[in-house]
Amino acid sequence: MPELFGSTRARIAPRHALITPGNHVNSAVPGITGATTVVLINEAMGAKFAQTLVTFQEGGQATRGASDVQTFGYFMDGSATATVGRDKKKCSAGHYFYAPPGQAWSLTSVKPGTQVTLFQKKYVPLAGTAVPKAIFGDAAKVTGTPFLGDPAANLQVLLPDEPGFDMAVNLFAYEPGGHLPFVEVHVMEHGLVMLDGQGVYRMEDSWYPVQAGDVIWMAPYCAQWFVAMGKKPASYLYYKDVNRPAL
Ligand code: UGY
Ligand code: MN
C-alpha cells in the first residue's frame, strides 16, 4: 500500500499502536551485529515487554548474556543456529527458541536475509515454582485447537501452559471471514505481528485495516477484535503476559 505525501497507516496512541513495515527505522542494539534491528514495541511506548524485528545480513549474529530478561525468538524466514545456555539447534522458518532468565543465548551461522521476531520480558518469579528451562520448537509440530470451538479461528500455543511461565506466545490463524468471537477486554498485554493475509483490527474505538508485516501493541484492557478479510487465510503471532497474581 503506497503511503504518499506523508500519509501512513501507523498510529501510536497512548494505549495501542500500529506500525507498518513502511515506518521502520533501525536501531543499534548491543549484541546484534550485521543486521538491521527495529525495536517495534518497548517501555518507551508504555509496554512492559519488547518486540524487535531483526533482519540479518551476511556474517550477522546476535548474542545476549544471562540476565533477568527472558527471550522468545521466532524465525519468520531464513535459518541460523540458536544456542541457549548449553543447548543448540539449527532453526529455520517457523522454528522458535525460548531462553529463560539466567541463560545466555545467541544466533550464529545465520543465512543472509534471515528474519527473527524477538519478544523479551523481565521474568517475574513465582514463589514455590521453578524457573522454566530452555525450549526449541517448530510451530508446524504444534497441534492447533479451534478457538472457543470455532474451526475458522485456529490457535496454537507455542510455550507450555504452566505456572513457571509468565509469558505466552501463540499463533492465531483465521479462515477468510473468521473472527474473534467477541470484543476482548483483559488485563493481559499483547504484542503482535501479522504473518499472513489481511483483515481489520479493532483497538479501543478505532478499526484498522491490517496486513502481513504490520505490528500491533495492545495495552492491558485495550478493547480488541479481529476479522480476517480477503480470499486467503490470515495469521498472526502474538505475545501475552500470563500466570501472575492480580495483586
Ligand atoms: O489470547 C488472547 O487474548 C487472544 N484471543 N487475543 C487476540 O487475539 N487479540
Ligand atoms: Mn487478547
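Residues numbered from 1 in each chain as written. Chains lettered and ligands numbered in written order. Predicted model: local features only at pLDDT ≥ 70, side-chain atom pairs only at ≥ 80, totals over all residues. Heavy atoms only, no water.

Take the coordination of the manganese ion (ligand 2) next. Taken together, Glu-184 (OE), His-186 (NE2), His-190 (NE2) and Gln-224 (OE1) make up the full set of protein donors to the manganese ion (ligand 2), lying 2.1 to 2.3 Å away. For the manganese ion (ligand 2), the six donor atoms are set out with angles of 77 to 174 degrees between them, so the coordination reads as octahedral. (Donors = N, O, S within 2.8 Å, 3.2 Å for Na, K, Ca; no water. Tetrahedral: all angles 85-135°; square planar, octahedral: opposite > 155°, others 65-115°.)

What follows concerns the environment of Pro-146. Note on placement: Pro-146 falls in strand E12 (residues 145-147). Relative accessible area serves as the criterion here: at 42%, Pro-146 is assigned to the partly exposed category. Separated by 121 residues in sequence, Pro-146 and Val-25 place their C-alpha atoms 37 Å apart. Leave out the neighbours within four places in its chain, and Pro-146 touches Pro-151, Ala-153 and Asn-154. (Helix = DSSP H or I, 4+ residues; strand = E, 2+ residues; numbered from the N terminus. Buried < 20%, exposed > 50% of the residue type's maximum accessible area, 1.4 Å probe, protein only. Contact = heavy atoms within 4.5 Å.)

A residue-level look at the chain finds 99% of positions with pLDDT of 70 or above and a mean pLDDT of 97. Between the elements of the chain, mean pLDDT differs from a low of 97, seen in strand E13 (residues 150-157), to a high of 99, seen in strand E18 (residues 215-218). (pLDDT = per-residue confidence, 0-100.)

What follows is about the site of ligand 1. The environment of ligand 1 is made up of Phe-147, Phe-172, Leu-180, Glu-184, His-186, His-190, Tyr-201, Gln-224, Tyr-236, Tyr-238 and Lys-240. In the environment of ligand 1, an oxygen atom lies 2.6 Å from a nitrogen or oxygen atom belonging to the side chain of Tyr-236. The contact in question runs from an oxygen atom of ligand 1 to an N or O atom on the side chain of Tyr-238, over 2.7 Å. Protein contacts shield 96% of the accessible area of ligand 1, which totals 280 Å² for the unbound molecule. The element contributing the most residues to the shell around ligand 1 is strand E20 (residues 234-241), with three residues. When grouped by side-chain class, the residues that make up the shell around ligand 1 number six nonpolar, three polar and two charged. (Near = heavy atom within 4 Å. Polar contact = N/O pair within 3.5 Å; in protein donor to acceptor, adjacent residues only side chain to side chain. Areas by Shrake-Rupley, 256 points an atom, 1.4 Å probe, with all protein chains shown as cover. Nonpolar A, V, L, I, M, F, W, Y, C, P; charged D, E, K, R; others polar.)

Each assigned domain of the chain is listed with its residue range as follows: domain 1 (11-139) and domain 2 (141-241). In this assembly, 37 residues from domain 1 lie in contact with 39 residues from domain 2. The largest contributions to the domain 1 side of the interface with domain 2 come from Arg-15, His-16 and Leu-18, which together make up 20% of the buried area. For the interface between domain 1 and domain 2, the tally reads two salt bridges. Close ionic contact of Lys-141 with Asp-138 constitutes a salt bridge, the shortest N to O distance being 3.9 Å. Counting the contacts that link domain 1 with domain 2 gives 19 residue pairs in polar contact (both at pLDDT 80 or more). Those elements that place two or more of their residues in the side of domain 1 that touches domain 2 are strand E2 (16-19), strand E3 (32-41), strand E5 (69-77), strand E8 (95-99), strand E10 (115-122) and strand E11 (135-138). Looking at the side of domain 1 that touches domain 2 residue by residue, the classes come out as 24 nonpolar, seven polar and six charged. (Domains from an automatic or database assignment. Buried area = accessible area lost by both parts, 1.4 Å probe. Salt bridge = Lys/Arg side-chain N within 4 Å of Asp/Glu carboxyl O.)

For the rest of this paragraph, the subject is the side chain of His-186. Along the polypeptide, His-186 turns up in the loop between strand E14 (167-174) and strand E15 (190-196). At a separation of 3.1 Å, a polar atom in the side chain of His-186 contacts the side chain of Glu-184. A polar contact is formed between the side chain of His-186 and the backbone oxygen of Met-188, at a distance of 3.0 Å. Not counting residues up to four positions away in its chain, the partners in contact with His-186 are Pro-220, Tyr-221 and Gln-224.

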